[in-house]
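Letter by letter, the chains look like this.
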Amino acid sequence: MTNVPIWKLNNGVEIPSAGFGVFKVKDGDEVYAAVLEALKAGYRLIDTAAIYGNEEGVGKAIKDSGIPREEIFLTTKLWNTDQGYNNAFTAFETSLRKLDTDYVDLYLVHWPGKDKYVESYKALEKLYKDKRVRAIGVCNFHIHHLEKLMAETEVVPVMNQIELHPLMNQKKIRDYCKEKGIQVEAWGPLMQGKEDLDAPVFVELGEKYGKSPAQIILRWHFQNDVLAIPKSVTPSRIRENIDIFDFELSEEDMEKINAHNQNKRLSADPDTMMNGFV
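I will try to describe carefully the structure that is included in this document. The shown structure was predicted, so the numbers you read here are calculated from the model rather than taken from an experiment. (Residues numbered from 1 in each chain as written. Predicted model: local features only at pLDDT ≥ 70, side-chain atom pairs only at ≥ 80, totals over all residues. Heavy atoms only, no water.)

Things to note about the sheet that holds strand E9 (residues 183–187)
Picture the strands of a sheet paired through backbone hydrogen bonds; they go either parallel or antiparallel. Here eight strands make up an open sheet; going across it, the order is E3-E4-E5-E6-E7-E8-E9-E10 and the pairing parallel. Looking at strand neighbours, the two that pair on one side only are strand E3 (20–21) and strand E10 (227–228), the edges of this open sheet. In the sheet, strand E4 (residues 45–47) pairs with strand E5 (residues 73–78) via three bridges, with the strands oriented parallel. In the strand pairing of E5, Leu-45 is matched with Phe-73. (Pairing = 2+ DSSP bridges. Helix = DSSP H or I, 4+ residues; strand = E, 2+ residues; numbered from the N terminus.)

Some details on the pattern of salt bridges
Going through the model one piece at a time under the given rule, you end up with 17 salt bridges. In this structure, the salt-bridge partner of Asp-243 is Lys-211, at a minimum N-O distance of 3.5 Å. Here Asp-243 is found in the loop between helix H9 (235–240) and helix H10 (251–258), whereas its partner Lys-211 is found in the loop between helix H7 (200–209) and helix H8 (213–223), with 32 residues between them in sequence. Looking at Asp-243, the relative accessible area reads 34%, which means it is partly exposed. Connected via shared salt-bridge partners are Arg-69, Asp-105 and Arg-134. (Salt bridge = Lys/Arg side-chain N within 4 Å of Asp/Glu carboxyl O. Buried < 20%, exposed > 50% of the residue type's maximum accessible area, 1.4 Å probe, protein only.)

Details of unusual backbone geometry
Within the chain, Lys-24 stands out as a residue other than glycine whose phi angle is a positive 65 degrees. Note on placement: Lys-24 falls in the loop between E3 and helix H1 (29–41).

So, the side chain of Lys-211
Note on Lys-211: relative accessible area 14%, which makes it buried. There is a polar contact of 2.9 Å between the side chain of Lys-211 and the side chain of Asp-246. In this structure Lys-211 touches Gly-206, Ile-216, Asp-243, Asp-246 and Phe-247, once residues within four positions along its chain are discounted. (Polar contact = N/O pair within 3.5 Å; in protein donor to acceptor, adjacent residues only side chain to side chain. Contact = heavy atoms within 4.5 Å.)

Description of helix H6 (residues 171–180)
Taken residue by residue, H6 has Ile-173, Arg-174, Tyr-176 and Cys-177 as its buried positions. Taken end-on, H6 shows its buried residues confined to a sector of 165 degrees, consistent with a single buried face. Residues of H6 that are exposed and point over 90 degrees away from its buried face: Lys-172, Lys-178 and Glu-179. A positive phi of about 80 degrees marks Gly-181, the residue just after H6. (Arc of directions from axis to C-beta.)

Digging into the pairing of strand E6 (residues 106–109)
In the case of a regular strand, side chains alternate between the two sheet surfaces. With burial as the criterion, each face of E6 is covered, one bearing Leu-106 and Leu-108 and the other bearing Tyr-107 and Val-109. Bridge analysis of E5 against E6 gives four bridges, and the strand direction is parallel. In the sheet register, Lys-77 faces E6, and the bridge partner there is Leu-108. On the question of chirality, the crossover connecting E5 to the parallel E6 by way of helix H3 (residues 85–99) is right-handed. Where E6 lies against strand E7 (residues 136–139), three bridges are found, and the strand directions are parallel. If you follow Leu-108 over to E7, its bridge partner there is Gly-137. (Right-handed = clockwise from strand over helix to strand, strands pointing away.)

Structure (structure tokens):
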């Protein structure tokens, strides 16, 4: 099993420093096989969401893996159409039932949207105080969203999961979150596999360190204190993506990757993404 370093969230809960995402992985056999493979490869952080439609397959794989539930860090998320104080509780119970578990380790508000994210987060605070979840946080929040949220609620989010990769390294929000004790987690850490993995900087560094371009990028995340959750359904890539703890990028090589930044967003901007909001 790969030795994944453990980090600590701002509420003292421990979390693996690398995880496995299942965005766009089909429910049923595909997600079941992928999660089982990931657990076999040494992942202990599994990240899903209500909108992914695959919570049932994820839960079944965790159950069938033979690994004690308390050794697996499970994240799911509140979708946009379920926002609002009362709606959030109903959505949470639905996710629990699909995942076939009696708690989740981390529950996140998936997108800020327009005006319901504060009341939604207050529902998450209640779930946290009632020990239904071990930690709560948010996804896709800009600094102004975080400022409003923290001004009107009591529990500082443990995490902000955002689009983050070498083409958009989110330095400003990373610095802000670090100052506030909020762990940054990267979705789409490999540029969603559709852009630039074969750029000369990653290929050259891969040759230098005897690693793949993907491993170079994931190591860059780790050394930036960013928790990456790459997704794959290919067993060899699933294993490759967690095999990043036996080398270290030099400061100079980290800077080469930092210089690759173009502030290029490959998905929706949280300020304009209103899909599914009611």
